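As a plain string of letters, each chain reads:
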Amino acid sequence: MKIVRSIAELKRDHSVSLGFVPTMGAFHEGHLSLMRVAKSHHDVAAVSLFVNPTQFGQGEDFERYPRNLDRDAEMAESAGVDILFAPDVSQMYPRKTTEIQVSGVTERWEGGHRPGHFTGVATVVAKLFNIVQPTAAYFGQKDLQQCLVIQRMVADLNLPVELKFEETVRESDGLAMSSRNVYLSDSNRAIAPNLYQELKNIRDGVLVKSASVDSLLSSAINRLNAVGFTVDYLELVDLDTMAPIRDLEQDAAIIVAARLGSTRLIDNLRILLNSL
Ligand code: AMP
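This write-up is about the structure you can find in this document.

The rules behind these values
Just so you know, the residues in each chain are numbered from 1, in the order the chain's sequence is written. Totals for whole chains, interfaces and linings use all residues, but because this is a predicted model, local features are given only for residues with pLDDT of at least 70 and pairs of side-chain atoms are given and counted only at 80 or more. As a rule here, side-chain values come from all non-hydrogen atoms in the structure, and water together with hydrogens is ignored. Buried residues of nine kinds, namely Ala, Val, Leu, Ile, Met, Phe, Trp, Tyr and Cys, make up a nonpolar core once their side-chain atoms join them within 4.5 Å. Here's how the labels work: a residue is buried when its accessible area is under 20% of the maximum for its type, exposed when over 50%, partly exposed in between, all with a 1.4 Å probe on protein chains only. Put simply, DSSP H or I for four residues or longer makes a helix, DSSP E for two residues or longer makes a strand, and each gets a number counted from the N terminus. The split of the chain into domains comes from an automatic or database domain assignment. Any residue with an atom within 4 Å of a point lines the site, the site being either a cavity, points on a 1 Å grid over the protein atoms alone where a 1.4 Å probe fits but cannot get out, or a pocket, an open set with protein on both sides within 12 Å along at least 5 of 7 lines. Grid points are joined across faces, edges and corners, and a volume is the space filled by probe spheres set on the points. Like-charged residues within 9 Å of one another, or nonpolar side chains (Val, Leu, Ile, Met, Phe, Trp, Tyr) within 5 Å, are grouped into patches, provided each residue has over 30% relative accessible area and no salt bridge. Accessible surface is estimated by sampling points in the Shrake-Rupley manner with a 1.4 Å probe; for residues, cover comes only from the protein chains shown. Definition used for salt bridges: Asp or Glu carboxyl oxygen within 4 Å of a side-chain nitrogen of Lys or Arg. For helices, the fitted line uses only the C-alpha atoms of the stretch in contact; every axis is such a line through C-alpha atoms, and the angle between N-to-C directions lies from 0 to 180 degrees. With respect to orientation, any angle under 35 degrees is reported as roughly parallel, any angle over 145 as roughly antiparallel, any angle of 65 to 115 as roughly perpendicular, and every other angle as oblique. Each helix crossing is assigned a hand: it is left-handed if the near helix lies turned anticlockwise from the far helix by less than a right angle, otherwise right-handed if that turn is clockwise. Contact between two residues is taken to exist if any of their heavy atoms lie within 4.5 Å; hydrogens are not considered. Charged means Asp, Glu, Lys or Arg here, nonpolar means Ala, Val, Leu, Ile, Met, Phe, Trp, Tyr, Cys or Pro, and polar covers whatever is left, Gly included.

**Considerations on the nonpolar core**
So, point 1. Among the nonpolar cores identified, the biggest contains 43 residues, and Phe20, Met92, Val125, Phe129, Phe139, Leu163 and Ile255 are the most heavily contacted of them.
So, point 2. Contributions of two or more residues to this core are made by β2 (18-23), β3 (44-49), α5 (117-132), β5 (136-140), α6 (144-156), β7 (230-238) and β8 (252-260).
So, point 3. The dominant element in this core, judged by the number of residues it contributes, is α5, at 10 residues.
So, point 4. Both domains that furnish three or more residues to this core are identified here as domain 1 (2-166) and domain 2 (179-269).
So, point 5. Formed by 26 residues, the second largest nonpolar core is a distinct cluster that contains Leu195, Val206, Val213 and Ile245.

Written out as structure tokens, the structure is:
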């Protein structure tokens, strides 16, 4: 595996197909599974590792975000990655005069709670696409709204890249893997799986109509509050638009963001009508 620190060193060979996985490092099985899928579908698998400052808001965890290039490089290599692109901030942002702002799908949920977050994400992903020039790019559905934002950006700007969205990888107790899980204290780590459990409770309740969607959501929020979460949002949304819905007439997702101690966790569970 080649570790590349500068944009100039990345030379795209257009005779091969290239699968690309953008990341912020602190790898876990969720990242590694994206890398393996990329490698299995392409001649070359490339991963970017860049803790992107522009997608963090003031008071967020940019400074303390876990960083360990040596460990990450070893893990990426073991997943079959060919190129690890790990630029520093001055490589990526010699200036910040151009931004990509996706409207509509960015307004609610993560966009509402983290102003500017998706502009930072869209801008860095567009830059990375231009730098790496992938055949296809792989993202995790754990960041469901991010998938929609990138899908919209690629369509609106006619970017020549195929997008693949892969299933969320979970710990054995259901907690969605995340680089931020290392922030959890032991006691909060034991509570954290409640989040996914509540997503499943809501899904089951919605499917059998055991109560109204509003009351299923508010009961789950109450139970999460009772064990120590502070819920930013918990909603049933249309999978394409992320607008709240109250009847299951289209593919949907239950989405959640909640804080536990100083850790903010997000998760979601899709409900696909044709797989019911
Ligand atoms: P990050 O390093 O957190 O920016 O994540 C890099 C990529 O890995 C994004 O496309 C994420 O959606 C994806 N990812 C993060 N956690 C998981 C997970 N538990 N399962 C699948 N993909 C994930």
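There is more to say, and it comes next.
**What about empty space enclosed by the protein?**
So, point 1. If you walk through the whole model with that rule in mind, you get one cavity of 30 Å³ or more.
So, point 2. Estimated volume of the largest cavity: approximately 40 Å³.
So, point 3. In terms of lining, the largest cavity is formed by Lys142, Leu175, Ala176, Ser178, Asn181, Leu195, Leu265, Ile266 and Asp267.
So, point 4. Element by element, the count of residues in the lining of the largest cavity is highest for strand β9 (residues 263-271), at three residues.

**Some remarks on a nonpolar patch on the surface**
So, point 1. Nonpolar side chains collect at one region of the surface, where Leu207, Val208, Leu273 and Leu276 lie side by side and expose about 360 Å² of accessible area between them.
So, point 2. Of note, Val208 is situated in helix α8 (residues 194-208).

**Some thoughts on the packing of α5 against α6**
So, point 1. In the contact formed by α5 and α6, the axes pass within 10 Å of each other and the chain directions differ by 55 degrees. Classified by the interaxial angle, the pair formed by α5 and α6 is oblique. When you trace α5 past α6, the crossing you get is right-handed. On α6, the residues that touch Phe118, Val121, Ala122, Val125, Ala126 and Phe129 of α5 are Gln145, Gln146, Val149, Ile150, Met153 and Val154.
So, point 2. Here the contact of α5 with α6 is built from residues that sort into 10 nonpolar, two polar and no charged.

Honestly, it's all geometry; don't read function into it.
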